[in-house]
Amino acid sequence: MRFSTLIFALLLLFGSCKKDSDDVAPDGRRLSDITLKEYFITSIAFDKNGIAWLGTSKNGLIQYDGKSARIFDSSNSILTDAGIMAVAVDKANNIWIGSDDLIKYDGSKFTRYEASQFGFPKNAVRSIAVDADDNIWFSCSSYQSGGLVKYDGTAFKTFTPANSKLPGNMVQSIVIDQSNHAWVAINDGVNEVSLAKINPDNSISVAGSRELGFKPYYFGNIVVNNSNELVASIDYSLSSLMAAGRPQIFKFNGSKAQILNLPDEKNVYYFTHRIFSAKNGNLWVSFFAADKKCGIFNGKDWTFPKLGTSGIFAFAESPDGEMWLGTGEGLYILK
């Protein structure tokens, strides 16, 4: 996961806030006390038993049932101290981990899929998604190098600009839509971004600035909403310009894009980071703005609950509807 110097500077500037007893979401749910305080949580996924699997920036993988935690790190597993950038769960309840390689945990053992052994273009895995057919899609890329890999349980298929119509190398984020298409957000440089849709026959459709109707600066992550639209965040952490009014979030229906406007965005520098689409259709967004760390959009209005954190780096929704927020200072749960 890429954390720029600017992000860390903002975190240091604004500091870590303590939980307030009045911290609530718009629907009245209250924020739990912080837990797992010593961990910087970067990714969250739930298995079929409702157990949470949390990736951290440098302290391994956490298995957490809401009461007790089990830590897997370099002292008791094949995991290294490298950051975990993505976690996903397949239908067989295997835990797939994106780190310095693709790693699988089947409940009893870890398996490392080394790039050199399997012929992947890179060993840095920053995003993972599991489709309806239980194919594992993951990125193996860095700036202008590498690409996308699909694993069907038997064979790996690699997509790069050299062997396919993938429009760039750097796969930032992957998501599966309701029609079982794999969408990838590609950052080939600032203002050189595109979206690619991989169809079941492995053909690729591309949407660039012409199809979107504007030129996004750099992608953060992408999600799919309840209307089967793609929603993308725009990341300005590489920009030296601290300016308000630039597009932060947009949705794309496959033919046109619509920018989602934020309140008073001409005067507020939001610095959008992560987005997440909840089951009820609400869009959750994390910011690095001075007084706004989280926003919730219901399709019409924005609300900004006071969540008592300096920054949210991961969202997830538990099977029973709790919202889990992974932060730089631990885990919060909206119950």
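Residues numbered from 1 in each chain as written. Predicted model: local features only at pLDDT ≥ 70, side-chain atom pairs only at ≥ 80, totals over all residues. Heavy atoms only, no water.

The protein chain carries the name Two component regulator propeller in an unreviewed UniProt entry, which gives Dyadobacter fanqingshengii as its organism.

A. Quick look at the sheet that holds strand β5 (residues 86-89). Strand order in the open sheet formed by four strands is β5-β6-β7-β8, and the pairing between neighbours is antiparallel. Two strands lie at the open edges of the sheet, namely β5 and β8 (110-113), each paired on one side alone. Taken pair by pair, the neighbouring strands of this sheet meet at an average axis angle of 20°, ignoring direction. Sheet topology note: the β5/strand β6 (residues 95-98) ladder contains four bridges and is antiparallel. (Pairing = 2+ DSSP bridges. Helix = DSSP H or I, 4+ residues; strand = E, 2+ residues; numbered from the N terminus. Axes fitted to C-alpha atoms, helices over the stretch in contact; angles between N-to-C directions.)

B. Structural context of unusual backbone geometry. Non-glycine residue Leu36 carries a positive phi angle of around 50°. Relative to the helices and strands, Leu36 is located in the loop between α1 (5-14) and β1 (41-46). Owing to a relative accessible area of 11%, Leu36 belongs among the buried residues under this scheme. One non-glycine residue, Gln144, adopts positive backbone phi at about 55°. Structurally, the position occupied by Gln144 is in the loop between β10 (136-142) and β11 (145-151). (Buried < 20%, exposed > 50% of the residue type's maximum accessible area, 1.4 Å probe, protein only.)

C. Quick look at the confidence of the model for the protein chain. Averaged over all residues, the pLDDT of the protein chain is 89; the fraction at 70 or higher stands at 91%. Counting interchain partners and residues more than four positions distant, the pLDDT-below-50 stretch residues 1-22 has 50 contacts. (pLDDT = per-residue confidence, 0-100. Contact = heavy atoms within 4.5 Å.)

D. Geometry of the pattern of salt bridges. Applying the stated criterion across every chain yields a total of five salt bridges. Notably, a salt bridge pairs Glu229 with Lys251, separated by 3.8 Å at the nearest N-O pair. Remark: Lys251 occurs in strand β19 (residues 249-252) and Glu229 occurs in the loop between β17 (219-224) and β18 (230-234); sequence separation between them is 22 residues. When its relative accessible area of 17% is taken as the criterion, Glu229 is described as buried. By relative accessible area, Lys251 is classed as partly exposed at 23%. Among the charged side chains, a network of salt bridges with common partners joins Asp100, Asp101 and Arg112. (Salt bridge = Lys/Arg side-chain N within 4 Å of Asp/Glu carboxyl O.)

E. Up close: the sheet that holds strand β2 (residues 52-56). Read from one edge to the other, the open sheet built from four strands follows the order β1-β2-β3-β4, with strand pairing classed as antiparallel. With one partner strand each, in any of the chains shown, β1 and β4 (69-72) form the two edges of the open sheet. When strand polarity is set aside, the average angle formed by the axes of neighbouring strands in this sheet is 20°. Bridge count for β1 against β2 is five bridges, and the pairing is antiparallel.

F. How the structure looks around the nonpolar core. Ranked by internal contacts, the top residues of the largest apolar core, which has 25 residues, are Trp183, Leu195, Phe219, Ile222, Leu230, Phe250 and Phe252. Of all elements in the fold, only β14 (182-187), β15 (193-198), β17, β18 and β19 reach the threshold of two or more residues within this core. In contact with Leu230, not counting residues within four places along its chain, are Val175, Trp183, Leu195, Ile222, Val223, Val224, Phe250, Lys251 and Phe252. (Core = buried A, V, L, I, M, F, W, Y, C linked by side-chain atoms within 4.5 Å.)

G. Spatial organisation of the environment of Tyr143. With respect to the secondary-structure elements, Tyr143 resides in the loop between β10 and β11. Judged by relative accessible area, which is 51%, Tyr143 ranks as exposed. Sequence separation of Tyr143 and Gln172 is 29 residues, and the distance between their C-alpha atoms is 9.8 Å. When sequence neighbours within four positions are dropped, the list of residues in contact with Tyr143 reads Met170, Asp188 and Gly189. Only 3.2 Å separates the side chain of Tyr143 from the side chain of Gln144, close enough to count as a polar contact. (Polar contact = N/O pair within 3.5 Å; in protein donor to acceptor, adjacent residues only side chain to side chain.)

H. Examining the pairing of β11 more closely. Most of β11 is tucked away: six of the seven residues are buried. Pairing of β10 with β11, which is carried by seven bridges, proceeds in the antiparallel orientation. Of the residues in β11, the one forming a bridge with Phe138 is Val149. Counting the residues between successive antiparallel strands, the hairpin from β10 to β11 contains two residues, one of them, Gln144, with a positive phi of roughly 55°. Both β11 and strand β12 (residues 156-159) contribute to a ladder of four bridges, which runs antiparallel. Of the residues in β12, the one forming a bridge with Leu148 is Phe159. Taking the residues that link successive antiparallel strands as the turn, the β11-β12 hairpin has four residues, and the phi of Gly153 there is positive, at about 95°.

I. The arrangement of the packing of aromatic side chains in detail. Applying the stated criterion to the full structure yields 35 aromatic pairs. Between Phe46 and Trp324 the ring centres are 5.0 Å apart and the planes differ by 85°, which places this aromatic pair in the edge-to-face class. Residue Phe46 is located in strand β1, and its partner Trp324 is located in strand β26 (residues 323-327); the two are separated by 278 residues in the primary sequence. The class for Trp324 is buried, based on a relative accessible area of 4%. Plain terms: the ring middles of Phe120 and Phe156 are 4.9 Å apart, the flat faces sit at 70° to each other, and that makes the pair edge-to-face. Of this pair, Phe120 sits in the loop between α2 (115-118) and β9 (128-130) while Phe156 sits in strand β12, and the two are 36 residues apart along the sequence. The class for Phe156 is partly exposed, based on a relative accessible area of 24%. (Phe/Tyr/Trp six-rings, centres within 6.5 Å; stacked < 30°, edge-to-face > 60°.)

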